[in-house]
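A closer look at the structure
So the chains spell out like this:
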Amino acid sequence: LMYKQLGAYPEILPYLLARRVKVVHLVRRNHLDVMLSYAVKARIGHAHLLEGQQAPDELRVELDTSSLVRKMAWLQRQQDMARTLLRLTGLSYLETAYEDLVRDPSLYQRIGDFLSIEARDQAPRSTLARIRKGSHRDVIGNYDQVRSALANSEFAGLLE
């Protein structure tokens, strides 16, 4: 369930409350990576590849530095509002960062325990493959401008 979906279909919230649904709040800590994902999707027309599909060899995108910090702050506010909503509803929830799951797949066990799902010997597998494989410098065509735009913001540390 994406934040926008909850806004578009507010009847979902009473459903979740009535059934006391457990919520796994999956967040991205690196909002710059989210902005890159949006730019890559706009460039190639889709957000994911299936295993075996090839990403473009030279995948470079430009980010709009005039609005970058504002958009990243908006992403942060969305996460903060979701956290507040979860606390106010009293629903049982577990927040997990995407970056942590990528770094340490054993954290899926914690999610399984929270959801009362019987443990498995391995992390879930997906048929989706990453599109972006390079560093920020490799992928951001206007890297120096992005670095300058983020330099004095709360997001400066997100740039590789």
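Residues numbered from 1 in each chain as written. Predicted model: local features only at pLDDT ≥ 70, side-chain atom pairs only at ≥ 80, totals over all residues. Heavy atoms only, no water.

1. Quick notes on the overall build of the protein chain
A tally of regular secondary structure across the protein chain gives eight helices and four strands. Listing each helix as α and each strand as β along the protein chain from the N terminus yields α-α-β-α-β-α-β-α-α-β-α-α. Overall size of the protein chain, expressed as C-alpha extent along the three principal axes, is 50 × 35 × 25 Å. Going through the 160 residues of the protein chain one by one, you find that 32% of them count as buried. Counted over contacts in the protein chain with a minimum sequence separation of 6, partners at least 24 positions apart contribute 72%. The protein chain carries 23 positive and 19 negative side-chain charges, and their two centres are separated by 5 Å. (Helix = DSSP H or I, 4+ residues; strand = E, 2+ residues; numbered from the N terminus. Buried < 20%, exposed > 50% of the residue type's maximum accessible area, 1.4 Å probe, protein only. Contact = heavy atoms within 4.5 Å. Lys, Arg positive; Asp, Glu negative; His and termini not counted. Charge placed at Lys NZ, Arg CZ, Asp CG, Glu CD.)

2. Let's talk about the nonpolar core
Within soluble globular proteins, side chains that are nonpolar tend to cluster in buried spots. In terms of nonpolar packing, the biggest core is built from 23 residues, with Leu-32, Leu-63, Leu-68, Ile-140, Val-146 and Leu-150 touching the most fellow members. Breaking this core down by element, the ones donating at least two residues are helix 3 (31-44), helix 4 (68-89) and helix 8 (143-150). In terms of residue count, the dominant contributor to this core is helix 3 (six residues). Discounting chain neighbours no more than four positions away, the residues touching Ile-140 are Leu-32, Leu-36, Arg-60, Val-61, Leu-63, Val-146 and Leu-159. (Core = buried A, V, L, I, M, F, W, Y, C linked by side-chain atoms within 4.5 Å.)

3. Quick notes on unusual backbone geometry
With the exception of glycine, the majority of residues adopt a negative phi angle, and the majority of peptide bonds are in the trans configuration. Look at Arg-20: it is not a glycine, yet its phi comes out positive at around 50°. Within the fold, Arg-20 resides in the loop between helix 2 (12-18) and strand 1 (23-27). For Arg-20, a relative accessible area of 47% corresponds to the partly exposed category. Although it is not a glycine, Ser-116 sits at a positive phi angle of roughly 60°. Following the sequence through the fold, Ser-116 ends up in the loop between helix 6 (108-114) and strand 4 (128-129). On the basis of relative accessible area, Ser-116 is assigned to the exposed category, the value being 61%.

4. Some thoughts on the packing of helix 3 against helix 4
Two quantities define a packed helix pair, namely the angle between the helix axes and the distance between the axes. As a packed pair, helix 3 and helix 4 sit with axes 9 Å apart at the nearest point and diverge in direction by 110°. Considered as vectors, helix 3 and helix 4 are oriented roughly perpendicular to each other. Taken as a pair, helix 3 and helix 4 cross one another with a handedness that is right-handed. Residues His-31, Leu-32, Val-34, Met-35 and Tyr-38 of helix 3 pack against Leu-68, Lys-71, Met-72, Leu-75, Gln-76 and Gln-79 of helix 4. (Axes fitted to C-alpha atoms, helices over the stretch in contact; angles between N-to-C directions. Parallel < 35°, antiparallel > 145°, perpendicular 65-115°, else oblique. Left-handed = near helix turned anticlockwise from the far one by under 90°.)

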